[in-house]
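Structural overview
Take a look at the letters that make up each chain.
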Amino acid sequence: MAHYGPAELAHIPGPRPDPLLGHTLKIMRDCYGFTLAAREAHGDIYKTKLIGQWRVLLHGADALEFVLIDRDRNFSNQEGWLPLRNLFDGGLLMRDFDEHRRHRRIMQAAFRSKAMEEYVARMNAELPRLLAEWPVGKRFAFYPAVKELTLRLGASVFMGMDPDDPRVPALNKAFVDEIAATYGLVRKPVPLTKMWHGIRGRRYLIQTFKELIAERRDGGGEDFFSQMCRATDDDGDRWTEEEIVDHFNFLLMAAHDTTASGLATMAWALTTWPDWQERIIAEVDALPEGPLDDAALNAMPVTERAFKEALRLVPPVPFIPRRTVRDVEWQGVTLPKGTHVSVCPGIVQLQPDLWTDPDSFDPDRFSPNRAEDRRHKFAWSPFGGGAHKCLGMHFAMVQVKLFTAHLLRHRRMQSATDAPATWQMVPIPWPKGGLPIVLEPRRETAAAPAKEDAVA
Ligand code: HEM
């Protein structure tokens, strides 16, 4: 077999790369198709070249466990998460080992149950108002709408600002530019490239966050940013100003695009399998009126399973990168020090040896009596695992339940197209065409008045 790539990786097979672009275009066009074909041809360990960088793919649930649990501290995040470099440096995900553990302990303060109660109260207050702005009886694209909604909601929950505050659009634009730069093909801030816009966005956000720190550190605000400004670990350690802005900048990104992607998959699933939407509507109708508290959120097991199933089919982070900090051996193959590796929750979550009829939408596979996710510790890992396991997992579930309940209390979603949805998987999965839907009215309240221009 012919070998491609650097001499250190000559012992690892892989598909033949394009001399100029490697496998970049093929991966951007059809990431899963490319990956499955390469796995079929070369087995569970092979190399590819993406955006000028060679990397080794390690397939299977055991590989996920080996890399993410990382008992021997073999794998660096800071060196591995190349797309986030220059844009999200200093974020929690970009730190390694003891330093990472120290920072994670401080950030955990912002996720304690007292803080969560405040975020839930803010979401309960804002969601009905923001959802009432969505048109009824008219086709619109769900994905851009939910992205805008979650950004405006985030202004309140994360920054303690009114979603209609005139500064919010500029902050959102800077933030969107920053995220768009993560997978720009040009990795230096050459004028007018995505990276150039991204770095400008980062500067603007960091400047704005710095201005907010003084008032938030001493104030009693209960939004996420205020919590992070005051957060300390058990030893009373807190962050410097620089650290606060780096962490917050990363946190906004970690929270936003992932949740918007998950909500789009959920909306796609509920419009494609409407019986499941009806089951969730029945669950929502059984909840008490008004704001939803912990007890109400706990009474939504069907919604929870449907969201888990959505994240199984289209996980927002389908591949997780790392870089070896020493020579590492996996299944008899040496990964030399400095090798970029990726493990693949998205592929594992569709493996027929782990999941029954893996391409079907079947939330009951997560029910206690079936528990297909227990077939391997890493059969279902959309939130990763090990030291870097998502800190916002519970937050994301709560946000999705609140969104679903507040929407389906008053509306029913229908697909506005006969064409099956297709997904752009890189950088983060989103439905091509934006997922056109129509909302039908169910019942009205003062919180969600029918729009005057409703067509239904
Ligand atoms: C459906 C929604 C979400 C998904 C699928 C998701 C997925 C992930 C994954 C896979 C990782 C680990 C990446 C790695 O190991 O390299 C991660 C880390 C992280 N996530 Fe999430 N996430 C979601 C929502 C959120 C939310 C809402 C927040 C905050 C409110 C958040 C905050 C974080 C943080 C701070 C980390 C870094 C943890 C560390 O490095 O110790 N995420 N997320």
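Here is what the cut-offs are and how they apply
- Residues numbered from 1 in each chain as written.
- Predicted model: local features only at pLDDT ≥ 70, side-chain atom pairs only at ≥ 80, totals over all residues.
- Heavy atoms only, no water.
- UniProt positions renumbered as here; feature names shortened; annotations may be inferred.
- Helix = DSSP H or I, 4+ residues; strand = E, 2+ residues; numbered from the N terminus.
- Salt bridge = Lys/Arg side-chain N within 4 Å of Asp/Glu carboxyl O.
- Buried < 20%, exposed > 50% of the residue type's maximum accessible area, 1.4 Å probe, protein only.
- Pairing = 2+ DSSP bridges.
- Axes fitted to C-alpha atoms, helices over the stretch in contact; angles between N-to-C directions.
- Contact = heavy atoms within 4.5 Å.

The protein has the name Cytochrome P450 in an unreviewed UniProt entry, where Psychromarinibacter sediminicola is given as its organism. Per UniProt, the protein has the following entry under Cofactor (unreviewed entry): "heme".

All right, on to the UniProt feature "binding site: heme" (unreviewed entry) in the protein then. Here, UniProt's "binding site: heme" (unreviewed entry) annotation points to C390. Among the structural elements, C390 can be located in the loop between α14 (345–348) and α15 (393–408).

Under the criterion given, the structure shown has 32 salt bridges. When the shortest N-O distance is used, the salt bridge between R129 and D162 registers 3.8 Å. A residue pair is termed long-range when its members are at least 10 positions apart, and R129 in helix α5 (residues 113–131) and D162 in the loop between α6 (142–157) and α7 (168–180) qualify at 33 residues. Classification of D162 by relative accessible area gives partly exposed; the value is 44%. Bridged by salt links that share partners, the residues E126, R129, E133, E148, R152, D162 and D164 form one connected network.

Take the sheet that holds strand β4 (residues 139–141) next. Strand order in the open sheet formed by 3 strands is β4-β12-β9, and the pairing between neighbours is antiparallel. Each of the sheet's edge strands pairs with one partner strand only, and the pair in question is β4 and β9 (411–415). In this sheet, neighbouring strand axes are inclined to one another by 40° on average, regardless of whether the strands run parallel or antiparallel. Of the pairings in the sheet, the one linking β9 to strand β12 (residues 436–441) comprises 5 bridges and is antiparallel in character. Paired with R411 across the two strands is P441, which belongs to β12. Against the sheet, α6 engages β4, β9 and β12, with an angle of about 60° to β4. On the sheet, helix α10 (residues 241–272) packs against β9 and β12 and is oriented at approximately 85° with respect to β9.

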